[in-house]
Amino acid sequence: MANPLDIAASAMNAQMLRLNTVASNMANADSVAGSEAEAYRSRQAVFSTVMDQQREVAGVAVTGIVESNAPVMKRYEPGHPQADVDGYVYASNVNTMEEMANMMSASRSFQNNAEVFSTTKTLMLRTLQLGQQ
């Protein structure tokens, strides 16, 4: 049987990376660039299930971070210092409402796994104390 502490810890690490990715997206939500290729694109963490030798769940792994395929916004701002020769700037494709929902979900998942970790540790300590009484 997989160790619940290891599972909860790996899930907490994965959610922390997810929160960091959301923070990066939010920080770049209002950024602009001089070309479509240079524009910031929203990033999302990709998770996978880690299985042990007995094909039981053993944790969570981050398999990568992917960029969004959503189009970036093209705005006509000829006075902007980053505008291209035609006067356009390219804004990031970050949707702040989606990122806020993603942040809340990741935060709650982290909290839930922290509670699982804490409860498991408490139960293990109480089990060890049974032989002392």
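Residue positions are given per chain, counting from 1 as you read along its sequence in written order. Where totals are concerned, whole chains, interfaces and linings use all residues; where local detail is concerned, this predicted model gives features only for residues with pLDDT of at least 70, and gives and counts side-chain atom pairs only at 80 or more. Calculation of side-chain values draws on the structure's entire complement of heavy atoms; hydrogens and water are dropped beforehand.

Trainee: Tell me what's going on with the side chain of Ser42, and back it up with residues and numbers.
Mentor: Secondary structure elements are taken from DSSP: a helix is a run of H or I of four residues or more, a strand is a run of E of two residues or more, and numbering for both begins at the N terminus. Position of Ser42 among the secondary structure elements: in the loop between β1 (32-33) and β2 (43-51). Within polar-contact distance, the side chain of Ser42 engages the side chain of Glu99 at 3.2 Å. Contact criterion: two residues are considered in contact whenever any of their non-hydrogen atoms come within 4.5 Å of each other. Setting aside its immediate chain neighbours within four residues, Ser42 contacts Asn25, Val66, Glu67, Ser68, Asn93, Val94 and Glu99. Two N or O atoms form a polar contact when they lie within 3.5 Å of each other; inside protein one atom must be a possible hydrogen donor and the other a possible acceptor, and for residues adjacent in sequence the pair counts only when both atoms belong to side chains.

Trainee: Before we move on, can you summarise the pairing of strand β3 (residues 57-67) with the specific residues and values?
Mentor: Strand pairing follows a simple DSSP-based rule, namely that at least 2 bridges must link the two strands. In the sheet, β2 pairs with β3 via 9 bridges, with the strands oriented antiparallel. Across the sheet, the residue bridging to Met51 is Val57, located in β3. If you look at the hairpin formed by β2 and β3, you'll find 5 residues sitting between the two strands, and Arg55 has a positive phi there, around 65°.

Trainee: Give me the confidence of the model for the protein chain: which residues, what numbers.
Mentor: Known as pLDDT, the predictor's per-residue confidence is scaled from 0 to 100. For the protein chain, per-residue confidence averages 93 on the pLDDT scale, and residues scoring 70 or more make up 98% of the total. Least confident of the elements in the protein chain is β3, whose mean pLDDT is 93; most confident is strand β5 (residues 88-91), at 96.

Trainee: Hey, could you go over helix α2 (residues 96-130) for me, with residue numbers and the actual values?
Mentor: To estimate the expected span of a helix, count its residues, drop one, and scale the result by 1.5 Å. Over its 35 residues, α2 extends 51 Å from the first C-alpha to the last, a length consistent with the 51 Å expected when each residue adds 1.5 Å. Every buried residue of α2 is listed here: Glu99, Asn102, Ala106, Asn113 and Thr120. Looking at the buried residues of α2, the elements they touch are α1 (4-27) and β2. A distance of 3.0 Å separates the backbone nitrogen of Met97 from a side-chain oxygen at the start of α2, and that oxygen is part of Asn95. Relative accessibility decides the category of a residue: with a 1.4 Å probe and only protein chains considered, values under 20% of the type maximum give buried, values over 50% give exposed, and everything between is partly exposed.

Trainee: Describe α1, naming the residues involved and giving the relevant values.
Mentor: Each full turn of the α-helix corresponds to 3.6 residues, which orients residues three or four apart in the same direction. Here α1 is 24 residues long and its end C-alpha atoms lie 34 Å apart, about the 34 Å a rise of 1.5 Å per residue gives. Taken residue by residue, α1 has Leu5, Ala8, Ser10, Ala11, Met12, Ala14, Gln15, Arg18, Thr21, Val22 and Asn25 as its buried positions. Tucked into the core, α1 has its buried residues touching β2, β3 and α2. The backbone nitrogen of Leu5 lies 2.8 Å from a side-chain oxygen of the residue at the head of α1, namely Asn3.

Trainee: Describe in detail the packing of α1 against α2, supporting the description with residues and values.
Mentor: Two elements in contact, α1 and α2, have axes whose closest approach is 8 Å; the angle formed by their N-to-C orientations is 160°. One element, α1, and the other, α2, form an angle in the roughly antiparallel class. Crossing hand, α1 versus α2: left-handed. A fitted line through C-alpha atoms serves as each axis, taken over the contacting stretch for helices, and the angle formed by two N-to-C directions is quoted from 0 to 180°. Convention used here: angles under 35 degrees read as roughly parallel, angles over 145 as roughly antiparallel, angles from 65 to 115 as roughly perpendicular, and any remaining angle as oblique. Each crossing is labelled by how the near helix is turned from the far one, with a counterclockwise turn of less than a right angle marking it left-handed and a clockwise turn marking it right-handed.

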